[in-house]
Amino acid sequence: MRVREDPRVTAARRRLKEIKVIVPVVSPKGGVGKTLISSMLALILAERGLRVGLLDLDITNPTAHLVLGAGTQILPREERGVVPPIIHGVKFMSPAYYSRDAPLVLRGAGIADAIRELLAITVWGALDVLLLDMPPGLSDEMLEVMLLSESPKPLLVSTQSLLSLHSIARISKMLGDSGISVLGLIENMALTPYSPFKDRYEELGLSLLAVLPFEPGVEEAVGRPGDLLGSGIALKLRELVAPRIVGLA
Amino acid sequence: MHEWALAEAVVEYLEEKRREEGWSNVKTLVLGLGELQNVDREVFEFALKHLLSQNEVKVGKIILHLVKASFKCRRCGGSWTLDDLNLDEDMREAIHFLPEAIYAFASCPHCGSRDYYVEEGRGLVIEELEVE
Ligand SMILES: Nc1ncnc2c1ncn2[C@@H]1O[C@H](COP(=O)(O)OP(=O)(O)OP(=O)(O)O)[C@@H](O)[C@H]1O
Ligand SMILES: [Mg+2]
Ligand SMILES: [Zn+2]
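Within each chain, residue numbers correspond to sequence positions counted from 1 in written order. Here the convention is simple: chains get letters from A, ligands get numbers from 1, in the order in which they are written. At least 70 in pLDDT is required for a residue's local features to be given in this predicted model, at least 80 for side-chain atom pairs to be given and counted, and no such filter applies to totals for whole chains, interfaces and linings, which use all residues. The side-chain values count all of the structure's non-hydrogen atoms but skip hydrogen atoms and water molecules.

Draft legend 1. Region of the structure containing the overall build of chain A. If you tally the helices and strands in chain A, you get 11 helices and 11 strands. The globule rule used for comparison is 2.2 Å times the number of residues to the exponent 0.38, while the radius of gyration itself is calculated over C-alpha atoms. A compact globule built from 249 residues would reach a C-alpha radius of gyration of about 18 Å, and chain A, at 17 Å, matches this within 12%. Taken along the three principal axes of its C-alpha coordinates, chain A extends 60 × 40 × 35 Å. Only protein chains enter the accessibility calculation, which uses a 1.4 Å probe; a residue whose area is less than 20% of its type maximum is buried, one above 50% is exposed, and one in between is partly exposed. Looking at the 249 residues of chain A, the share that counts as buried comes to 56%. Put simply, DSSP H or I for four residues or longer makes a helix, DSSP E for two residues or longer makes a strand, and each gets a number counted from the N terminus.

As structure tokens, this is what we get:
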């Protein structure tokens, strides 16, 4: 019998089975706050005593280490795999440890390969929650996550724009068709505290978890976990979004 | 060592196949070790044999062979090998863990493009599995 198969798929699946909830943070459009929100949620959940991991899956443009203020000079420790360093209570893994922040130009196949490799060798151990900071859109990265993890619970991030709303409708249809149930939706950088699209979300079967205002001070807190945790956005995430994840973990 | 994680992956893969396909033992297992990933062959082999000794899956013969890495450029069609590149220790180490890191450090030696692919010898592959 001749085969040419990939043992990493088996390994990655087994490692991910040790994690109670996997939350990919997804958005149709770029720059809407996925990295900020996934990093802050990781910090908030760790602060509550949960065992939390954060994985930067924006393979070609990782930035979560910048939000966490995590250095990428030292490679993760080797111990029957690679052990993610702990940043402010969060087990943090990123391709940036290996690409040294140089531009990493990859086509889809390379992206899938890199994700598979990372998930096959990263030793998370038993976790309550693993947050995945995703690149914008739904493509290779999300497909790979759907291939390797049993029932991810995506958290959608959007803005109060009509175009974003249309894309959210598409994304939630694609996820629904694949049998994936969405954790909920966050409107970020909101102009008004009341979502203009409340009814539309209801029609789409999406629960709007929080409306986060644009908070000018947040930019200065980037790279400083302590300051991020003291922001107004953190307050809302703590009250409105974290409990939903804790409920699943 | 990260070689252990790779060996574990192979053993888990065998366990899963055995469950799915219902065979009892492996007669011959042929593994290709891609030069790019630069797996420590001795450590890997030790880990694999150790893990198999504690496992129900019995493997008769294990053949490991090194697959030389070759690259091909999508832009100019040129090809090259690792010997043609200038990679320092740190880069080699990063690539050891994440072979795709090579795209951060090397471009096509013929035209400078980053749009190339690893033809062969990326990482660990199961090349052949003979069961009984
Ligand atoms: N509510 C907010 N108030 C103020 N600034 C914000 C807010 N949300 C995000 N930002 C800032 O906006 C910028 C983009 O956010 P972020 O990088 O998290 O978006 P992203 O969705 O991850 O982007 P990409 O799609 O490129 O990965 C960052 O500088 C971030 O600090
Ligand atoms: Mg981002
Ligand atoms: Zn070329």
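Let's pick the thread back up.
Draft legend 2. Quick peek at the coordination of the zinc ion (ligand 3). All names here are of chain B. Every protein donor of the zinc ion (ligand 3) is listed here as Cys73 (SG), Cys76 (SG), Cys108 (SG) and Cys111 (SG), and their distances to the metal cover 2.3 to 2.4 Å. For Na, K and Ca the donor cut-off is 3.2 Å, and for all other metals it is 2.8 Å, counting N, O and S atoms only; because water is absent from this set, sites may look incomplete. Only two sets of limits are used to name each site, 85 to 135 degrees for every angle of a tetrahedral four-donor site, and over 155 degrees for opposite donors with all other angles from 65 to 115 for a square planar four-donor or octahedral six-donor site, with any other site named irregular. For the zinc ion (ligand 3), the 4 donor atoms in the first shell make angles of 107 to 112 degrees at the metal, so the coordination geometry reads as tetrahedral. On the basis of relative accessibility, which here comes to 4%, the residue cysteine 73 falls in the buried class.

Draft legend 3. Structural context of the interface of chain B and chain A. By definition in these notes, contact holds between two residues if any of their heavy atoms fall within 4.5 Å. With 38 residues of chain B at the contact, the number on the chain A side is 33 residues. By buried area we mean the combined loss of accessible area, with a 1.4 Å probe, across both parts when two parts are placed together. For the chain B and chain A pair, buried surface summed over both sides reaches about 3300 Å², with 57% attributable to carbon and sulfur atoms. Salt bridge, as used here, is a side-chain nitrogen of Lys or Arg placed within 4 Å of a carboxyl oxygen of Asp or Glu. Run the count over chain B and chain A and you get 7 salt bridges. In this structure, arginine 122 of chain B and aspartate 113 of chain A form a salt bridge, with 3.5 Å as the shortest nitrogen-oxygen distance. Sort the elements by how many residues they give to the side of chain B that touches chain A and helix α1 (residues 2-21) of chain B lands first, with 13 residues.

Draft legend 4. Inspection of the packing of helix α5 (residues 108-121) of chain A against helix α6 (residues 140-148) of chain A at higher detail. Residues and elements named next belong to chain A. As a rule, the C-alpha atoms of each element are fitted with a line to give its axis, helices using only the stretch in contact, and angles between N-to-C directions run from 0 to 180 degrees. As a packed pair, α5 and α6 sit with axes 9 Å apart at the nearest point and diverge in direction by 40 degrees. Here α5 lies oblique to α6, going by the angle between them. Handedness of the crossing formed by α5 with α6: right-handed. Judged by residue contacts, Gly108, Ile111, Ala112, Ile115, Arg116 and Leu119 of α5 engage Asp140, Glu141, Glu144, Leu147 and Leu148 from α6. These descriptions rest on fixed angle ranges, namely under 35 degrees for roughly parallel, over 145 for roughly antiparallel, 65 to 115 for roughly perpendicular, and the rest for oblique. In this scheme, a crossing is called left-handed if the near helix is turned counterclockwise away from the far one by less than a right angle; it is called right-handed if the turn is clockwise.

Draft legend 5. Just the confidence of the model for chain B, in detail. Here chain B averages 95 in pLDDT, while 99% of its residues score no lower than 70. Taken together, the chains of this predicted complex give a pTM of 0.95 and an interface ipTM of 0.92. A residue's pLDDT is the predictor's confidence in that residue, given on a scale from 0 to 100.

Draft legend 6. Main features of the environment of arginine 74 of chain B. Within the element layout of this structure, arginine 74 of chain B appears in the loop between β3 (70-73) and β4 (79-81). We classify arginine 74 of chain B as partly exposed; its relative accessible area is 39%. A sequence separation of 18 residues divides arginine 74 of chain B from arginine 92 of chain B, and the C-alpha atoms of the two residues are 23 Å apart. Apart from the residues lying within four places of it in its own chain, the contact partners of arginine 74 of chain B are Arg107 of chain A together with Asp115, Tyr116 and Tyr117 of chain B.

Draft legend 7. Looking closely at the site of ligand 1. All names here are of chain A. One heavy atom suffices: a residue is near a molecule or strand as soon as one of its heavy atoms comes within 4 Å of it. With respect to spatial proximity, 18 residues lie near ligand 1, and among them Lys34, Thr35, Leu36, Asn188 and Glu215 are the closest. At 2.7 Å from an oxygen atom of ligand 1 is found a side-chain nitrogen or oxygen belonging to threonine 35. By the criterion applied in these results, polar contacts are pairs of N or O atoms within 3.5 Å in which, for protein atoms, one can donate a hydrogen and the other can accept it, and in which residues neighboring in sequence qualify only through two side-chain atoms. Glutamate 219 is positioned with one of its side-chain polar atoms (N or O) 2.9 Å from an oxygen atom of ligand 1. Areas reported here follow the Shrake-Rupley algorithm with a probe of radius 1.4 Å; residue values treat only the protein chains shown as occluding. For ligand 1, the protein covers 82% of the area, taking 630 Å² as the surface of the free molecule. Here ligand 1 occupies the second largest pocket. At 3 residues, the largest contribution of residues to the shell around ligand 1 is made by helix α2 (residues 34-47). All residues other than Ala, Val, Leu, Ile, Met, Phe, Trp, Tyr, Cys, Pro, Asp, Glu, Lys and Arg, Gly among them, are scored as polar; the first ten of these are nonpolar and the last four charged. The residue makeup of the shell around ligand 1, split by class, is 9 nonpolar, 5 polar and 4 charged. The method works on a 1 Å grid over the protein atoms by themselves. A cavity is a set of points holding a 1.4 Å probe that cannot get out, a pocket is an open set with protein on both sides within 12 Å along at least five of seven lines, and residues with an atom within 4 Å of a point line them. To qualify as sitting in a cavity or pocket, a molecule needs more than half of its atoms within 2 Å of the grid points.

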